[in-house]
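Overview (structure and organization)
Each chain, written out:
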Amino acid sequence: MIEKLGKPGISLDGFKAFLDDMKVKVDEEQVVKSYMKMDVNQDGHLSVQEFSGGMLTIAFELIPHSILQSLGLTTALIVPAVVGGLIILGLLFAFILVAMAAFTSPGAAGTFIQSILAAGMTILTKSGAEGDDLDTLRPRVTEQIYEVLDLPKHMRPKKGKE
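So, here is what we can say about the structure in this document.

Let us now look at the overall build of the protein chain. From N to C terminus, the protein chain includes 7 helices and 0 strands. Out of the 162 residues belonging to the protein chain, those deemed buried represent 17%. Counting contacts in the protein chain only where the partners sit at least 6 residues apart, residues at least 24 apart contribute 45% of the total. When the accessible surface of the protein chain is summed, it comes to about 12,300 Å², and 68% of that surface belongs to carbon and sulfur atoms.

Written out as structure tokens, the structure is:
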């Protein structure tokens, strides 16, 4: 069609318009890079052969880049998230190692860490059980104790006589 119109090919502006018509949202720099990659002879126009050969560039570079960019999954956002996750996992692993060492070896540091862990668990337990009162907890705890002791139901005290 381009040859029939007597035009030398698609200009950069025409290429941008083509991408806009296809609803491919890509930043200006990426469009220019792709255009330059497709314009093999660097004459400033894409011939039919250059354009059809460059469709792979559009299909495998521009469109995926556009999708990732619209989802907010750019390299600039992914790398810090992965590094942050690895740092958190490393800290968690170090904490577990220190906690395990505290449980296995006696000493002032071990006792301090055990106390901090116990206090933290107490706080977490109390904050998680705010809605429960003693009357609702007692039967549940008692039932769990009976289950752990594997006490048959007929040997358990009747409700209210615990």
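With respect to the element layout, Asp39 can be found in the loop between helix 3 (28-38) and helix 4 (48-70). For the buried residue Asp39, which engages in no salt bridge, the nearest side chain bearing the opposite charge is Lys16, 13 Å off. Not counting the four nearest positions on each side in its chain, Asp39 is found in contact with Gly44, His45, Leu46 and Glu50.

Looking at the secondary structure, you find Lys37 in helix 3. Linking Lys37 and Gly54, residues 17 residues apart in sequence, is a C-alpha distance of 7.9 Å. Discounting residues that sit within four places of it in the chain, Lys37 has contacts with Thr57 and Glu61.

Here the focus is helix 4. Its maximal kink placed at Ile58, helix 4 deviates by approximately 40 degrees. For helix 4, every residue scored as buried is listed here: Glu50, Phe51, Gly54, Thr57, Ile58, Leu62 and Ser66. Packing partners of the buried residues in helix 4 comprise helix 2 (12-21) and helix 3. At the C-terminal side of helix 4, Gly72 shows a positive phi close to 75 degrees.

Residue Gln42 is not a glycine yet carries a positive backbone phi of 55 degrees. Here Gln42 lies in the loop between helix 3 and helix 4.

This part is about the pattern of salt bridges. Within this structure, the stated rule accounts for 2 salt bridges. In this structure, Lys16 and Glu28 form a salt bridge, with 2.4 Å as the shortest nitrogen-oxygen distance. Here Glu28 lies in helix 3 and Lys16 lies in helix 2, a separation of 12 residues in the sequence. For Lys33, the salt bridge goes to Glu29, with nearest N and O atoms at 3.7 Å. Of the two residues, Lys33 and Glu29 both sit in helix 3, 4 residues apart, roughly one turn of that helix. Looking at Lys33, the relative accessible area reads 49%, which means it is partly exposed.

Counting across every chain of the model gives 2 aromatic pairs. Pairing Phe15 with Tyr35 gives two aromatic rings, centres 5.6 Å apart and planes at 50 degrees, and the pair type is tilted. With Phe15 in helix 2 and Tyr35 in helix 3, this residue pair connects regions lying 20 residues apart in the sequence. For the pair Phe15 and Tyr35, one class covers both residues: buried. On the numbers, 5.2 Å between centres and 80 degrees between planes, the contact of Phe18 with Phe51 is edge-to-face. With Phe18 in helix 2 and Phe51 in helix 4, the pair connects residues that are 33 residues apart, well separated along the chain.

This brings us to the environment of Glu61. The residue Glu61 is located in helix 4 in this model. Put simply, Glu61 and Gln30 are 31 residues apart on the chain and 9.2 Å apart in space, counted from C-alpha to C-alpha. Not counting the four nearest positions on each side in its chain, Glu61 is found in contact with Lys37 and Leu56.

The rules behind the values
Residues numbered from 1 in each chain as written. Predicted model: local features only at pLDDT ≥ 70, side-chain atom pairs only at ≥ 80, totals over all residues. Heavy atoms only, no water. Helix = DSSP H or I, 4+ residues; strand = E, 2+ residues; numbered from the N terminus. Buried < 20%, exposed > 50% of the residue type's maximum accessible area, 1.4 Å probe, protein only. Contact = heavy atoms within 4.5 Å. Areas by Shrake-Rupley, 256 points an atom, 1.4 Å probe, with all protein chains shown as cover. Lys, Arg positive; Asp, Glu negative; His and termini not counted. Salt bridge = Lys/Arg side-chain N within 4 Å of Asp/Glu carboxyl O. Bend = angle between axes of the 7 residues up to and from the residue. Phe/Tyr/Trp six-rings, centres within 6.5 Å; stacked < 30°, edge-to-face > 60°.

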